[in-house]
Amino acid sequence: MFDSRPVTDEDAVLGVRPRYVVEPSTVAEAAAVMRVAHEEGLTVVPRGNGTRVHWGAAPRACDVVIDTRKLDRVVEHAAGDLVVTVEAGLPVRSLQDVLRTTGQQLALDSPFPSTVGGLVATAAAGPRRLLYGTARDLLIGITVVRADGTIVKSGGKVVKNVAGYDLGKLYTGSFGTLGLIVKASFRLHPLPEQQMYVATDGRDPARRVRALLHSHLVPSAIEVDGDGTVAALFEGTAARSRAEEAVALLGAGATAAGAPPAWWGRYPDGDVLLEVQGKPTDLTGLLTVRDAWLRGSAGSGVWFLGTSAEAAPRVVAKLREHLPTVVRHAPLELHETLDLWGPTPALSLMRRVKDQFDPDHRLSPGRFIGGI
Amino acid sequence: MLRRLAERFRDRLGPESVIDDPVRLRTYECDGLTYHRASPGLVVLPGSAEEVAFVVRECVEAGVPYVARGSGTGLSGGALPRTDGVLVVTSRMRRILEVDPDNQRAVVEPGVINLDVSKAVRPHGYYYAPDPSSQQICSIGGNVAENSGGAHCLKYGFTANHVLACEIVTPEGEITTLGDGPGYDLLGAFIGAEGTLGITTKITVRLTRIPQAVETLLAAFPSVETAGAAVSAIIGAGIVPAAVEMMDALAIEAAEAAVACGYPADAAAVLIVELDGPETEVASQFARVRLLCEEAGAFEQRVARDDADRALIWKGRRSAFAAVGRISPAYIVQDGVIPRTALPEVLADIDRLSRESGVRVANVFHAGDGNLHPLVLFDDAEEGAGERAELVSGAILDLCIAHGGSITGEHGVGVDKARYLPRMFTEADLDTMQMVRCAFDPPNLCNPGKVFPTPRLCGEIPRVRKGSPDGELF
């Protein structure tokens, strides 16, 4: 009925090898797969390009991997409306290539060749979240195949829309536990005429972040690296002059350039990657955490720390004394001892949402917070 | 039952926080949508999250429906009370609890007035970006319920993009926080759920830096088509204005009669285009905007010289809804969305509808994002006129749907548009949305009858996990 291919070790999700890998090439086929899985009681894990498939916990079971990469069409690009609708398996970079021809972009950064669906399912975002927000802010409509195989949508293809619940935000970052994302519509932005980066030496990062954040210069991103380097991005028709103003504001040791520093938008190295949801002023404290390399979106207060397997338990415990900290990925042997997701308020509500959407707990079981 | 609840509430909240006198109850019989009315069975004015939680728990225990209300400025009847239920009014919860400019955020109670947030943070160089027309009186809690927008959401987004976390009282009367930890983005589902998923008791909002420069242009056009072409040209040039507003001749006439805003008298349409941001950006883009308007056929352009001038330009637009009262005894404020590029076609269709039915329609809209606010005029003294206006108003929504748009861009579904929702969504779509409601509110007592035309039976009430380790941080 649909393409499936021989299962290889590559298809394993955090060590759990599926019995089947199916590659639906239409939304209808994807729905048919989900329906069969529903009827047969099979557990399902969706995947795109697999760039973040090692994020989160291992599934408790995985009968079927649904590989979305053949769902790769641009359904509609309404350039005049700055809106695009695409299938979930389309690589974000391919989408950007299409949009570039009309001087537009989806303002979401990813250091990996992720699919659109993968980016939405993991709620991953990069430096420019400061100005444009993240997938939840840019997503205006979504089509999902429910656990029972029903195709359902929420939102639409206009930016301004408050008809019905906004389930797009709920699916964003749900790690395949609520349904199979098959299509998404996004609000687009014009490509800026100029892009300029300003980077500083490692001195006085907190003061510099503050200066940029409270300036009138509207940076698209303010990033910090573990050695105290602060870098900012300016975009627009007058980005060069704004970058020069930023250099003057930041003082000695600041320079402007047309290209970003090498570390820009990349996760810090390490066997273990942590993500901390905090505030801009957490920077000073986070820089003092030992045995971990900090990098983050200082203007938004979203921080990543790379650390070793050995140091991870201590670093995680230390961070959680102050801030919500998620272990994005870690070697499997650490999964038992590290609570990957950490505590969160409203977990009981989350469980009840899961129970409604996936009463048999067949969708990416165990991948998400609290064993959801 | 309500009498007993009133006693319980008086004991706990104090007598001044409970209203059950029929005359005083009538004050709360509608929100901004005045043709839906129902006197609430009981009104309570809690002063804290704990009191809200108490009220909700008592209602749930008694099986009594309850509805939350902020300032009552909503335009879809989202806060329409239940005669057999309790209206929870948040107007006593109006403290600004924290202003943290270093982290660009503030924490407020739900009854705080939208504009008061901006006033409080202005000394720090900040403001709160979502600016619904009612911002002088509407509450942040109501904004959260409705995911309110405003003229400037073209560039800055809606309430959902500016709220970082909410403390809520769940429909079962528990206090919890959304948006303050990992897991599902329940905050994203809660904002804009029109008060059907709980009552917010504390909101952490994102603050936006006051822009260095603002430029405002009023451009007059010989037709709505040429004005529409100017909008397309501006957006097509890669410019994201802070706001692009359009008014047609009838709306201009009304605004002129009401506030003497001095718009060019012979204009068939005016555009208000506002740019803000760093001076250098605004200067270069504003020059292009003026050129594009001229090329599209603008015969007059006025640039605001200062804030007073700017306020005058905006005065006509901001007063437009109320101003229509000057040229018509009654009117319906419609709220629909179309893809911006469909604007000329849809306006021609609305014009045709108007001529065929003899019902006058004044058009005011957020042209930048295709959000139409047609004002459908009628004389309520004339028999059948209201029904005819209602038909035209509904037909405009059909036009929006036919063009791939939405039946509401910012006013919400409430009671007013629940019957239109199935024209946009399938039964399965709506059923899926209501799965969220069932997760939050299995007995369906929290603002029931709003948004969805047909309530979904939640079936077996999910296992209560009280006492299980929940990981609550607070």
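Residues numbered from 1 in each chain as written. Chains lettered and ligands numbered in written order. Predicted model: local features only at pLDDT ≥ 70, side-chain atom pairs only at ≥ 80, totals over all residues.

K.L.:
Just give me the short version of the overall build of chain A, but keep the residues and values in it.
P.N.:
Counting its regular elements, chain A contains 11 helices and 19 strands. The globule rule puts the C-alpha radius of gyration for 372 residues at 21 Å, and the 21 Å found for chain A is close to it. When the backbone C-alpha atoms are referred to their principal axes, chain A occupies close to 65 × 50 × 35 Å. Split into buried and exposed, the 372 residues of chain A put 59% on the buried side. Of the contacts formed within chain A by residues at least 6 apart in sequence, a portion of 66% connects residues at least 24 apart. (Helix = DSSP H or I, 4+ residues; strand = E, 2+ residues; numbered from the N terminus. Rg over C-alpha atoms; globule rule 2.2 N^0.38 Å. Buried ≥ 20, exposed ≤ 12 C-beta atoms within 10 Å, placed from the backbone. Contact = placed C-beta atoms within 7 Å.)

K.L.:
Describe in detail the sheet that holds strand S6 (residues 105–108) of chain B, supporting the description with residues and values.
P.N.:
All names here are of chain B. A sheet is described by the order of its strands in space; here 5 strands give the open sequence S5-S6-S10-S8-S9, paired in antiparallel fashion. The open sheet terminates on both sides in strands that have one partner only, identified here as strand S5 (96–100) and strand S9 (175–178). On average, each strand axis in the sheet is inclined to that of its neighbour by 15°, with strand direction left out of account. For strand S8 (residues 163–169) and strand S10 (residues 199–206), the ladder comprises 6 bridges, and the chain directions are antiparallel. In the strand pairing of S10, valine 163 is matched with valine 205. (Pairing = 2+ DSSP bridges. Axes fitted to C-alpha atoms, helices over the stretch in contact; angles between N-to-C directions.)

K.L.:
Before we move on, could you go through the interface of chain A and chain B and cite the residues and values that matter?
P.N.:
Contacts between chain A and chain B engage 66 residues on the former and 77 residues on the latter. Of all elements in the fold, only helix H5 (135–138), strand S9 (151–155), helix H6 (167–171), helix H7 (205–213), helix H8 (239–250) and helix H11 (347–357) of chain A reach the threshold of two or more residues within the side of chain A that touches chain B. Per element, the largest residue contribution to the side of chain A that touches chain B is 10 residues, and it comes from H11 of chain A. Among the residues forming the side of chain A that touches chain B, the class breakdown is 28 nonpolar, 23 polar and 15 charged. (Nonpolar A, V, L, I, M, F, W, Y, C, P; charged D, E, K, R; others polar.)

K.L.:
Can you break down the sheet that holds strand S3 (residues 44–47) of chain A residue by residue, with the values?
P.N.:
All names here are of chain A. The strand order across the open sheet formed by 4 strands is S1-S2-S4-S3, and the pairing between neighbours is mixed. The outermost strands of the open sheet, each flanked by one partner alone, are strand S1 (4–5) and S3. Of the pairings in the sheet, the one linking S1 to strand S2 (residues 20–22) comprises 2 bridges and is antiparallel in character. Across the sheet, residue arginine 5 finds its bridge partner in S2, namely valine 21. Across the sheet, helix H1 (residues 27–40) lies against S2, S3 and strand S4 (64–67), angled at about 170° from S4, the strand it touches most.

K.L.:
I'd love a proper account of the pairing of S4 of chain A, names of residues and values included.
P.N.:
Every other side chain in a regular strand lies on the same face of the sheet, so the side chains alternate between the two faces. Residue and element names in this part refer to chain A. Residues of S4 alternate between two faces, with Val64 and Ile66 on one and Val65 and Asp67 on the opposite face, all of them buried. Both S3 and S4 contribute to a ladder of 4 bridges, which runs parallel. The residue of S4 that forms the bridge with arginine 47 is aspartate 67.

K.L.:
Describe in detail the packing of H11 of chain A against helix H16 (residues 427–440) of chain B, supporting the description with residues and values.
P.N.:
Running from N to C, H11 of chain A and H16 of chain B cross one another at 140°; their axes reach a closest spacing of 8 Å. Here H11 of chain A lies oblique to H16 of chain B, going by the angle between them. The element H11 of chain A and its partner H16 of chain B pack so that their crossing is right-handed. Taken together, the residues of H16 of chain B that come into contact with H11 of chain A (itself represented by Leu349, Arg352, Val353, Gln356 and Phe357 of chain A) are Met435, Val436, Cys438, Ala439 and Phe440 of chain B. For the contact of H11 of chain A with H16 of chain B, the residue count by class is 8 nonpolar, 1 polar and 1 charged. (Parallel < 35°, antiparallel > 145°, perpendicular 65-115°, else oblique. Left-handed = near helix turned anticlockwise from the far one by under 90°.)

K.L.:
Help me get a handle on the domain arrangement of chain A, residues and values and all.
P.N.:
Residues and elements named next belong to chain A. In terms of domain boundaries, chain A breaks down into domain 1 (1–191 + 345–372), domain 2 (194–257) and domain 3 (272–334). Relative to domain 3, the C-alpha centre of domain 2 lies at a distance of 24 Å. Taken residue by residue, the interface counts 13 residues in domain 2 and 11 residues in domain 3. A total of 5 residues in the side of domain 2 that touches domain 3 trace back to one element, the largest contributor, which is strand S13 (residues 221–225). Tallied by class, residues from the side of domain 2 that touches domain 3 come to 9 nonpolar, 2 polar and 2 charged. (Domains from an automatic or database assignment.)

K.L.:
Go over helix H4 (residues 114–121) of chain B, please, and point to the residues and values.
P.N.:
Residue and element names in this part refer to chain B. Taken residue by residue, H4 has Asn114, Val117, Ser118 and Val121 as its buried positions. In a view along the axis of H4, the buried residues occupy a sector of 95°, so they form one face of it. Those residues of H4 that are buried lie in contact with S5, S6, strand S7 (126–127), helix H5 (140–146) and S10. (Arc of directions from axis to C-beta.)

K.L.:
Give me the confidence of the model for chain B: which residues, what numbers.
P.N.:
Here chain B averages 94 in pLDDT, and 97% of its residues register 70 or above. Scoring the predicted complex yields pTM 0.96 and, for the interface, ipTM 0.97. (pLDDT = per-residue confidence, 0-100.)

K.L.:
Pulling in residues and values, what's your account of helix H13 (residues 343–357) of chain B?
P.N.:
All names here are of chain B. Its 15 residues give H13 an end-to-end C-alpha distance of 21 Å, which sits within 8% of 21 Å, the value for a rise of 1.5 Å per residue. Those residues of H13 that sit buried are Leu343, Val346, Leu347, Ile350, Leu353 and Ser354. Relative to the axis of H13, the buried residues are bounded by an arc of 115° and lie together on one face. In H13, the exposed residues that point more than 90 degrees away from the buried face are Ala348, Arg352, Arg355 and Glu356. The inward-facing, buried residues of H13 abut helix H8 (224–236), strand S18 (361–366), strand S19 (371–378) and helix H14 (385–402). (Expected span 1.5 Å × (residues − 1).)

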